[in-house]
Number of protein chains: 2
Amino acid sequence: MMDYVFDSMGEDIIRTEISELGEFGLINEIRKDFKTTNSSTVMGIGDDAAVVECGDQLSLLSTDMLMEGVHFDLSYVPLMHLGYKAIAVNVSDIAAMNGIPQQVTVSLGLSNRFSVEAIKELYKGISAACEAYKVDLVGGDTTSSGAGLAISISVLGITTASQISYRNGAKKSDIICATGDLGAAFVGLQVLEREKQVYLENQEMQPQLDQYEYIVGRQLKPKARMDIIHELRELNIVPTSMIDLSDGLASDLKHICFESKCGAVIYEDKLPIDKGTYDTAVEFGLDPITCSLNGGEDYELLFTIAQKDHDKLEKHPDVHFIGYIDEAGTGVNLVTKNGNTVEVKAQGWVHF
Amino acid sequence: MMDYVFDSMGEDIIRTEISELGEFGLINEIRKDFKTTNSSTVMGIGDDAAVVECGDQLSLLSTDMLMEGVHFDLSYVPLMHLGYKAIAVNVSDIAAMNGIPQQVTVSLGLSNRFSVEAIKELYKGISAACEAYKVDLVGGDTTSSGAGLAISISVLGITTASQISYRNGAKKSDIICATGDLGAAFVGLQVLEREKQVYLENQEMQPQLDQYEYIVGRQLKPKARMDIIHELRELNIVPTSMIDLSDGLASDLKHICFESKCGAVIYEDKLPIDKGTYDTAVEFGLDPITCSLNGGEDYELLFTIAQKDHDKLEKHPDVHFIGYIDEAGTGVNLVTKNGNTVEVKAQGWVHF
């Protein structure tokens, strides 16, 4: 029968720490053992969402897990904002495939620290996001958890074979575009962490966030850029590749280059950085450029377009041309303001 | 801006414990605030899977979350079996809609107690189940967790409008069918819990499970009854209603009755109970009938068929006619061996 012995767990004979591989390495380890065999599976692991045949359209399926103490800190993240963000980051994955989100499921693992009122607060945010992004909550699972809050969201979206944007379609001399501004969510997090320390030292003190309103909002309540997706459709532009900026520009651009087998050049003076982000980074002794390259969780879109589409987007107030795609083997390079070229290192978010 | 104060969490002004509402009550509380608005959403919350239009077919989407310490105990659940079971229980949700599973996503929250080798062991089970049920692993998320292992699986399946079985289609005098046998997974769990205690008292002792092989296997490695789904299709039978037995017969039959607005009568002497389950229940001082009514996690199928389909299934060795659907308002009743009728109370699994 089941040939096993009782075990107090974890005493492996060979033990490799997950941190040695990293999340990307671990996914690659797992990915190589799985082949897709169903004819309806168009694209499996390796992009922002899986792609599944659905009549003459394509379904997109993506999932994200948020763990308390890793992805959020409830001492400064209101539950309603957390609910909103959990939906937005999943919608963002569908946007990154040039798709339209349709349905979500929400699974919660809850410790008994959470009351019914707290859960309703969380669902208020989920509901607001569902309304904003026009998605239907269609299912989920609610269970108890030994410790903390675990949120797992899956989202189903729709697109077509002619509209879909994968990570692997960037071609030499395509223009690299980034929406919105970069690094704000990361710098906003630094503000929240500092205010939390002040509060922990003196619980009479309430946070002074007024001057940081924009960047703190970027951390607590990110937007999925569905507006851009709809505009691209109106302009008849299909990005040759796309990803959402969850890990940070450097890391996410490297994903595009890896999958598209190409290099990239970006320009320091083209990186869109909000003035408040810039000033606050300096206040914290951080380099604003590094924040915009390696700060994650902006949930802006990073995409490439063919040269022919240049003129259609050139005057868009919220889409920035930050560089171009280069040939394979050249890496990802940053041209600094004084004309030097330096290789970009991806730091991204390291959870392990 | 965001109008909030820092909070050490959980000091609600009004505080209702989740246990006061229960999972079912909580879901109903949440469900009433959500309306579905997308035309592609055929069915939202309230069945084994959500139903989404997909060309001339229907997509099915379901999700489940398993938390360490709540749904599994790694001291006696081998990681490989856990991976297998996590997929099987999700496939079972698609089966319960009379659908064919196609794709799954797997999200993991992992504490640093888990090595790369341990995760690979988990994925070995996931891979074996994907092969057995012919589903493709197409995505997921791997992240760290403050404590313990969290597994969230989503599954996408397919069916058609003429094949689908909801929970709400049972009609008066339909025949109630249960596959396989009932209560084994619950009794198997009692064996594992007892052997764990023995082991904790003396770690030299390895478990004596040989005589409990079948029931322990039912707990550790449940099967999703896709075989039955394929057979029903061959026999041209579409169940009028269907659910999978995850919470226990009493609770799951009540779900069908609630959604179908009907009552039900089942017969004690028709309940399929394996001899080993029966004997072991008695050994543990448990009533075997109660185990078969309230023991969860068998992942057999409970469904109703119209009288016209009686003859096609009558001789099926693994489908048991256990009763019939009665009119609304009559409740769920059990006719005992000595001819008494007693109302069935649902206990099911209470995680909170």
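Residues numbered from 1 in each chain as written. Chains lettered and ligands numbered in written order. Predicted model: local features only at pLDDT ≥ 70, side-chain atom pairs only at ≥ 80, totals over all residues.

Trainee: I'd like a description of the environment of Ile176(B), backed by residues and values.
Mentor: All names here are of chain B. Assignment of secondary structure puts Ile176 in strand E7 (residues 175-179). Judged by the 26 C-beta atoms lying within 10 Å of it, Ile176 falls in the buried class. Taking the C-alpha atoms as reference, Ile176 lies 17 Å from Asn294; in sequence the two are 118 residues apart. Ignoring any residue separated from it by four or fewer positions in sequence, one finds Ile176 in contact with Ala264, Ile266, Thr304, Ile322, Gly323, Tyr324 and Ile325. (Helix = DSSP H or I, 4+ residues; strand = E, 2+ residues; numbered from the N terminus. Buried ≥ 20, exposed ≤ 12 C-beta atoms within 10 Å, placed from the backbone. Contact = placed C-beta atoms within 7 Å.)

Trainee: I'd like a rundown of the interface of chain B and chain A, residues and numbers included.
Mentor: Chain B puts 93 residues into the contact, and the matching count from chain A is 92 residues. Split into classes, the residues belonging to the side of chain B that touches chain A amount to 40 nonpolar, 37 polar and 16 charged. (Nonpolar A, V, L, I, M, F, W, Y, C, P; charged D, E, K, R; others polar.)

Trainee: I'd like a rundown of the sheet that holds strand E1 (residues 41-43) of chain B, residues and numbers included.
Mentor: Residues and elements named next belong to chain B. Strands sit in the order E1-E2-E3-E6-E4-E5 across an open sheet of six strands; the sheet is mixed. Of all the strands in the sheet, the pair left with one neighbour each is E1 and strand E5 (136-144). Ignoring strand direction, the axes of neighbouring strands in this sheet form an average angle of 25°. In terms of strand pairing, strand E4 (residues 100-110) meets E5 through eight bridges, oriented parallel. The residue of E5 that forms the bridge with Gly109 is Thr143. (Pairing = 2+ DSSP bridges. Axes fitted to C-alpha atoms, helices over the stretch in contact; angles between N-to-C directions.)

Trainee: Talk me through the packing of helix H3 (residues 116-132) of chain A against helix H1 (residues 18-31) of chain B; I want residue IDs and the actual numbers.
Mentor: The geometry of a pair of packed helices is captured by two quantities: the angle between their axes and the separation between those axes. Relative to each other, H3(A) and H1(B) sit at 20°, their axes nearing to 11 Å. Here H3(A) is positioned roughly parallel relative to H1(B), judged by the angle of their axes. Between H3(A) and H1(B) the crossing geometry is right-handed. Taken together, the residues of H1(B) that come into contact with H3(A) (itself represented by Val116(A), Ile119(A) and Tyr123(A)) are Ile18(B), Leu21(B), Leu26(B) and Ile30(B). Looking at the contact of H3(A) with H1(B), its residues break down into seven nonpolar, no polar and no charged. (Parallel < 35°, antiparallel > 145°, perpendicular 65-115°, else oblique. Left-handed = near helix turned anticlockwise from the far one by under 90°.)

Trainee: Requested: an account of the domain arrangement of chain A, with residues and values cited.
Mentor: All names here are of chain A. Split into domains, chain A comes out as domain 1 (48-159) and domain 2 (175-343). A C-alpha centroid distance of 23 Å is found between domain 1 and domain 2. Of the residues lining the interface, 16 residues belong to domain 1; the matching set on domain 2 comes to 18 residues. Of the residues in the side of domain 1 that touches domain 2, the class split is nine nonpolar, four polar and three charged. (Domains from an automatic or database assignment.)

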